[in-house]
Amino acid sequence: AQLKNRGGSVIYNDSMRKQVRERLELETDLQDAIYNKQLYLNYQPIVSLETNQITGFEALVRWKHPKRGLLSPTEFIPLAEETGLIIPLGQWAMMEACSQLRSWQQKFPQLSAISINVNLSGIQLGNPDLINQIDDLLDSVGLTGESLKLEITESFLMENLMDNSSIANKMLEQLKERKIKLCIDDFGTGYSSLSYLHHLPIDILKIDRSFINPKTNGRKNSDIVKSIVNLAQDLGLALVAEGVETPSQLAMLKELKCDYGQGYLFARPLEASQAMEFMSHQFN
Ligand code: C2E
Ligand code: CA
Ligand code: CA
Ligand code: CA
């Protein structure tokens, strides 16, 4: 869609100009948002399929944009990653999620075993400061690493961890020393080399929701889920199914002995107060 005029300079048409301008605007807006409290977290329950109890929450970022309204992370996380803003954003999210969990635990001692999952961008894993930041924030909030789980996408791990000496690999080892559990997010979409999985210091697989809740119905998906369940068992990893929406999906997962589920069937991502309300049902 680029046109050149006779002098050879590039002419942008109106829609391109608009796109470029919107992107630049969004970038400065995002910078402001991080410091002006326009970001907040939603919390989606993760449920044990054996006991039906909530075992933790995944923290999911939202942006209340002053002009555009509520934005989903898919609309700004990629931009945050391209611009490096994911570093302060990710640090904020981890701090916010941990202090929320801590304040829940202080109100309800029954919650001491509940943990919080935070999404970690691959870019954060390459930040040599990450481990110090995590130590400081756990310290200041008063949590131990056992309450924190970090989710890293399978595609990132596969692209970056094949080399044993990488910073990211060292980082994963340091997280493990702190008993912070590592989850592979969107598992099944990144073509992991199975022999390699075994060498990674990971604890949990999260099966991507496209296998649980396929666009096209088929026997094949339950076969895939079944083989991922077996794989997790063989490797001694806990398994979470994402995107559980229907009772029949739940029944299949229970039958296959998947450990945990997450999805609209249990609850949508909730605001902090709703999440507490939701969980209070299980105290009785
Ligand atoms: P994700 O980590 O795979 O998170 C799960 C996404 O699936 C969430 O979308 C959640 O709302 C949605 N979901 C949960 N249950 C269901 C269901 O039953 N059906 C369907 N169709 N969807 C369900 P959300 O909140 O829009 O987040 C999108 C992505 O943005 C996340 O995907 C994650 O990759 C990224 N993200 C969100 N928060 C953060 C963050 O703090 N840091 C980073 N780096 N990425 C984040
Ligand atoms: Ca996730
Ligand atoms: Ca996921
Ligand atoms: Ca995803």
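Residues numbered from 1 in each chain as written. Chains lettered and ligands numbered in written order. Predicted model: local features only at pLDDT ≥ 70, side-chain atom pairs only at ≥ 80, totals over all residues. Heavy atoms only, no water.

1. A closer look at the coordination of the calcium ion (ligand 3)
Part 1 of the reasoning: In this structure, D185 (OD), D186 (OD), E242 (OE) and E242 (OE) serve as the protein donors to the calcium ion (ligand 3), at separations of 2.2 to 2.5 Å.
Part 2 of the reasoning: A spacing of 4.0 Å is found between the calcium ion (ligand 3) and the calcium ion (ligand 2), which share D185 as a donor. A residue pair is termed long-range when its members are at least 10 positions apart, and D186 in strand β8 (residues 181–187) and E242 in the loop between β10 (238–241) and α11 (247–255) qualify at 56 residues.
Part 3 of the reasoning: A residue is classified by how much of its surface remains accessible, and D186, at 25% relative accessible area, is partly exposed.
Part 4 of the reasoning: Of the residues examined, E242 reaches a relative accessible area of 11% and is grouped as buried. (Donors = N, O, S within 2.8 Å, 3.2 Å for Na, K, Ca; no water. Helix = DSSP H or I, 4+ residues; strand = E, 2+ residues; numbered from the N terminus. Buried < 20%, exposed > 50% of the residue type's maximum accessible area, 1.4 Å probe, protein only.)

2. Some thoughts on the pattern of salt bridges
Part 1 of the reasoning: All told, the structure shown has nine salt bridges when counted by the stated rule.
Part 2 of the reasoning: Its salt-bridge partner being R17, residue D14 comes within 3.2 Å of it at the nearest N-O pair. Note that D14 and R17 are positioned in helix α1 (residues 14–35) at a spacing of three residues, about one turn of the helix.
Part 3 of the reasoning: Judged by relative accessible area, D14 falls into the exposed class, the value being 59%.
Part 4 of the reasoning: On the basis of relative accessible area, R17 is assigned to the partly exposed category, the value being 46%. (Salt bridge = Lys/Arg side-chain N within 4 Å of Asp/Glu carboxyl O.)

3. Here we look at the pairing of strand β6 (residues 115–119)
Part 1 of the reasoning: Across the five residues that make up β6, a large majority, four, are buried.
Part 2 of the reasoning: Where strand β4 (residues 54–65) and β6 come together, four bridges link them in parallel fashion. Note that in β6 the partner of F57 across the bridge is I116.
Part 3 of the reasoning: The sheet contact formed by β6 and strand β7 (residues 148–153) spans four bridges and is parallel. Bridge pairing in β7 places N119 opposite E151. (Pairing = 2+ DSSP bridges.)

4. Concerning the layout of surface pockets
Part 1 of the reasoning: Looking at the largest pocket, its volume works out to about 1,100 Å³.
Part 2 of the reasoning: Looking at the largest pocket, it is lined by 38 residues, and the ones nearest its centre are E58, L60, P73, N119 and D185.
Part 3 of the reasoning: Mapped by element, the contributors of at least two residues to the lining of the largest pocket are β3 (39–48), β4, α2 (73–83), α3 (86–107), β6, α4 (122–125), β7 and β8.
Part 4 of the reasoning: Tallied by class, the residues present in the lining of the largest pocket amount to 16 nonpolar, 12 polar and 10 charged. (1 Å grid on protein atoms, 1.4 Å probe; cavity = no way out; pocket = protein on both sides within 12 Å on 5 of 7 lines; lining within 4 Å. Points joined across faces, edges and corners; volume = space filled by probe spheres on them. Nonpolar A, V, L, I, M, F, W, Y, C, P; charged D, E, K, R; others polar.)

5. So, the site of ligand 1
Part 1 of the reasoning: What surrounds ligand 1 is a group of 22 residues, the closest being Q44, R62, D185, E245 and Y264.
Part 2 of the reasoning: Measuring from an oxygen atom of ligand 1, one finds a side-chain N or O atom of N119 at 3.1 Å.
Part 3 of the reasoning: Here ligand 1 has 800 Å² of accessible area as a free molecule, and 84% of this is covered by the chains.
Part 4 of the reasoning: The pocket occupied by ligand 1, as judged from atoms lying within 2 Å of grid points, is the largest pocket.
Part 5 of the reasoning: At four residues, β4 tops the list of elements feeding residues into the shell around ligand 1.
Part 6 of the reasoning: When the residues that make up the shell around ligand 1 are grouped by side-chain class, the tally is nine nonpolar, six polar and seven charged. (Near = heavy atom within 4 Å. Polar contact = N/O pair within 3.5 Å; in protein donor to acceptor, adjacent residues only side chain to side chain. Areas by Shrake-Rupley, 256 points an atom, 1.4 Å probe, with all protein chains shown as cover. Sits in = over half its atoms within 2 Å of the grid points.)

Nothing here speaks to function; it is geometry throughout.
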